[in-house]
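# Structural characterization, general
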Amino acid sequence: MIRRTALPALALCPLLVLTACGDDDGGGGTSPSADGPSEPGVPAPPDATRSPAPGEGSQDPDDINGDGHRDLLVPVYLGDDPQTAEECVGVVYGSADGLDPAAHTVLRRAELGLPDASPAAPGDARLSVNHLVNADLDDDGFPDFVTTVAAAEESETVPYVSFGGPRQPVPDPETAALRLPADVAGATWGSLERGDFDADGHHDLALEGLGPAGGVLVVMYGPFTRAGEPARTDTGLPNEEGTLIADEIDPTGEPRATSLLLQGVNDGEQSANTLFPASPGSGLSADGRELVAGSAHAFGDFDGDGRRDVAVGDDGGRNNEPGYETEAPEVDGKATLYPGDGGDPVVLDLPEPPAGEGDSYYGPGGFTAADPDGDGRDALVVSTYEDATLIDGDERTSVLREGPARTPEGKRTPAKDRNARPAGAADFDGDGTDELILNWAPDPLFATYGESPTYWWITDGASARDAVAFTTTEFAPRSP
């Protein structure tokens, strides 16, 4: 599930600002698959649309068509106004040369065979990339899609799985409601994550929600049957409300135990964090480790020892009620790295905000782990309102991409609102190094909240070059 476009996703040398040459109307690099962008480095729609070749299956949960190449899920908005448009999920398919925006498809609820929206919750008709999980639950080599559907009662939601295949959309998709334990019936599910929590090579699911008696946390271990039945279910983790974040499944299919982070409910301040460590064979431990507060997060191997670490830290959010405008010194402007070997955490200073920026310096996107030089040690990518700052050991690099100076309607975009934000990282071309995923939108709400991204850059590592850049503004569902 190469994401992430929603909520916020190490020391010191001069910043190296990487931008393309040109004036204020420029951006960061060219768009190889775009049809004549109007400005250098500004993404444009793909110059063609073609169907990806069906594959034979793979072990990568982000290889949607199973052809051996990683794909990317992006939000797509059908309509001129992103705030009122129907939100769908776009799949940008990979190739031996990386992502190919011309090979894409758009998935709506109908394409996944999901039930019609409940009259009690008509807004459930949309399909959001931030509430969709892709994982190969039935072990056939093709990722399946899991999302929730509102039940007849508005207070209840039901997780559904739509089984995948070598082509998307799948003709006559097969769907099933997940078989949840009877003691969590009636819950509203707000957080859903995939993982391989017991490192057995089968993909698992973790669900967090609110039931009649309070918070509910369920772990469903795969493989799953086509009737939505998991191999086993665990409800022994503490039932606390919050948001789940799981470590990534290894894209090579190599089994590794993926730990689970639970971020507590907050009112604008930095969230409390509980880490449930995962162990091969047994799965997630109910003995959670309390970490420092922080609403930004990333799993990765930040010290290069082969073990998975977790970083949590400040994403800039502050409660604006009197007396709550600040955070504790160990949280304010900090990232704390917890080594996978259980050693002492390492506290890192985040980039200093420019004068006058204050607490608003860190922006939507949070933290991302990336290895753009292929040395086996992940760097931490930090989202600010100015750039994506890559922190790798003692070196800090500013990776900047910019949207166009004017909107399609000709309205000028303020320079401070043109900066793209990090949304993830992955090795799309299979060369052993990660590309960064950055996005942007002309919608004014993007500058504040990171909402409705439609411009995308896949960088060539941490350089000023792009592997590819594109917009999703002309993506559309296939004709029946």
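Here, every reference points to the structure presented above.
A brief report on the enclosed structure follows. (Residues numbered from 1 in each chain as written. Predicted model: local features only at pLDDT ≥ 70, side-chain atom pairs only at ≥ 80, totals over all residues. Heavy atoms only, no water.)

Now for the overall build of the protein. Helix and strand counts for the protein come out as one helix and 30 strands. Buried residues in the protein amount to 55% of all 480 residues. In the form shown here, the protein has an accessible surface area of approximately 19400 Å², with 49% of it arising from carbon and sulfur atoms. (Helix = DSSP H or I, 4+ residues; strand = E, 2+ residues; numbered from the N terminus. Buried < 20%, exposed > 50% of the residue type's maximum accessible area, 1.4 Å probe, protein only. Areas by Shrake-Rupley, 256 points an atom, 1.4 Å probe, with all protein chains shown as cover.)

A few words on empty space enclosed by the protein. Space inside the second largest cavity adds up to approximately 40 Å³. Around the second largest cavity, the lining residues are Asp97, Gly98, Leu99, Phe428, Asp429, Glu435, Ile458, Ala467 and Val468. Secondary-structure elements contributing two or more residues to the lining of the second largest cavity are β4 (98-107) and β30 (466-471). Of the residues in the lining of the second largest cavity, the class split is five nonpolar, one polar and three charged. (1 Å grid on protein atoms, 1.4 Å probe; cavity = no way out; pocket = protein on both sides within 12 Å on 5 of 7 lines; lining within 4 Å. Points joined across faces, edges and corners; volume = space filled by probe spheres on them. Nonpolar A, V, L, I, M, F, W, Y, C, P; charged D, E, K, R; others polar.)

Attention now moves to unusual backbone geometry. Following Gln168, the chain continues to Pro169 via a peptide bond in cis, the omega torsion being -5 degrees. Note on placement: Pro169 falls in the loop between β7 (157-162) and β8 (175-177). Non-glycine residue Ala199 carries a positive phi angle of around 55 degrees. Along the polypeptide, Ala199 turns up in the loop between β9 (188-195) and β10 (204-211). Phi at Ser452 takes a positive value of approximately 55 degrees, unusual for a residue other than glycine. Here Ser452 shows up in the loop between α1 (444-449) and β29 (455-459).

With that settled, consider the pattern of salt bridges. Going through the model one piece at a time under the given rule, you end up with 21 salt bridges. Residues Asp460 and Arg465 are paired through a salt bridge, measuring 3.1 Å at the closest nitrogen-oxygen approach. Judged by relative accessible area, Asp460 falls into the partly exposed class, the value being 34%. The class for Arg465 is exposed, based on a relative accessible area of 53%. Linked through salt bridges whose partners overlap, the residues forming this network are Asp60, Asp62, Arg70, Arg194 and Glu248. (Salt bridge = Lys/Arg side-chain N within 4 Å of Asp/Glu carboxyl O.)

The four strands are arranged β9-β10-β11-β12 in an open sheet whose pairing can be described as antiparallel. For this open sheet the edge positions go to β9 and β12 (232-234), each flanked by a neighbour on one side alone. Across the sheet, the axes of successive neighbouring strands diverge by a mean angle of 20 degrees, strand direction being ignored. Summarising the sheet, β10 and strand β11 (residues 214-221) pair through seven bridges and their orientation is antiparallel. From the neighbouring strand, Leu205 faces β11, where its bridge partner is Met220. (Pairing = 2+ DSSP bridges. Axes fitted to C-alpha atoms, helices over the stretch in contact; angles between N-to-C directions.)

What follows is about the pairing of β9. Every other side chain in a regular strand lies on the same face of the sheet, so the side chains alternate between the two faces. Among the eight residues of β9, six are classified as buried, and the element is accordingly described as predominantly covered. Taken together, the seven bridges between β9 and β10 define a ladder with antiparallel strand orientation. Paired with Leu192 across the two strands is Leu207, which belongs to β10.

A large share of β4 lies buried, amounting to ten of its ten residues. Both strand β3 (residues 86-95) and β4 contribute to a ladder of six bridges, which runs antiparallel. Note that in β4 the partner of Val92 across the bridge is His104.

We now examine the packing of aromatic side chains. Aromatic rings in a pair are described by how distant their centres are and how their planes are angled relative to each other. Under the counting rule described, the total for this entry stands at four aromatic pairs. Measuring from ring centre to ring centre gives 5.1 Å for Trp440 and Tyr455, while their planes differ by 80 degrees; the resulting arrangement is edge-to-face. In this pair, Trp440 is assigned in strand β28 (residues 435-440) and Tyr455 in strand β29, connecting sequence segments 15 residues apart. Comparing Trp440 with Tyr455 shows no difference in burial state: the two are buried. On the basis of an interplanar angle of 0 degrees and a centroid distance of 6.4 Å, the ring pair of Phe470 and Phe475 is categorised as stacked. When its relative accessible area of 0% is taken as the criterion, Phe470 is described as buried. On the basis of relative accessible area, Phe475 is assigned to the buried category, the value being 4%. A cation sits over an aromatic face here: Arg232 above Tyr221, 3.7 Å from the ring centre. (Phe/Tyr/Trp six-rings, centres within 6.5 Å; stacked < 30°, edge-to-face > 60°. Lys NZ or Arg CZ within 6 Å of the ring centre and 35° of its normal.)

It is worth spelling out the sheet that holds strand β2 (residues 72-78) at this point. Within the open sheet, the three strands sit side by side as β2-β3-β4. Their pairing is antiparallel. Because the sheet does not close on itself, it has two edges, and the strands there are β2 and β4. Across this sheet, the average inter-strand angle for adjacent strands is 35 degrees, counted without regard to direction. In the sheet, β2 pairs with β3 via seven bridges, with the strands oriented antiparallel. Bridge assignment links Val76 to a residue of β3, and that residue is Cys88.

Residue placement: Arg194 occurs in strand β9. Among the residues examined, Arg194 registers a relative accessible area of 2% and is labelled buried. Here Asp62 takes part through its side chain, which lies 3.1 Å from a polar atom of the side chain of Arg194. Within the structure, the side chain of Arg194 is placed 2.8 Å from the backbone oxygen of Asn134, a separation counted as a polar contact. (Polar contact = N/O pair within 3.5 Å; in protein donor to acceptor, adjacent residues only side chain to side chain.)

So, on to the environment of Gly165. Tracing the backbone through its elements, the reader meets Gly165 in the loop between β7 and β8. We classify Gly165 as buried; its relative accessible area is 7%. Expressed as a C-alpha distance, the spacing of Gly165 and Asp144, which sit 21 residues apart in the sequence, is 8.0 Å. What Gly165 contacts, discounting residues up to four positions off in sequence, is Ile64, Asn65, Phe142 and Val170. (Contact = heavy atoms within 4.5 Å.)

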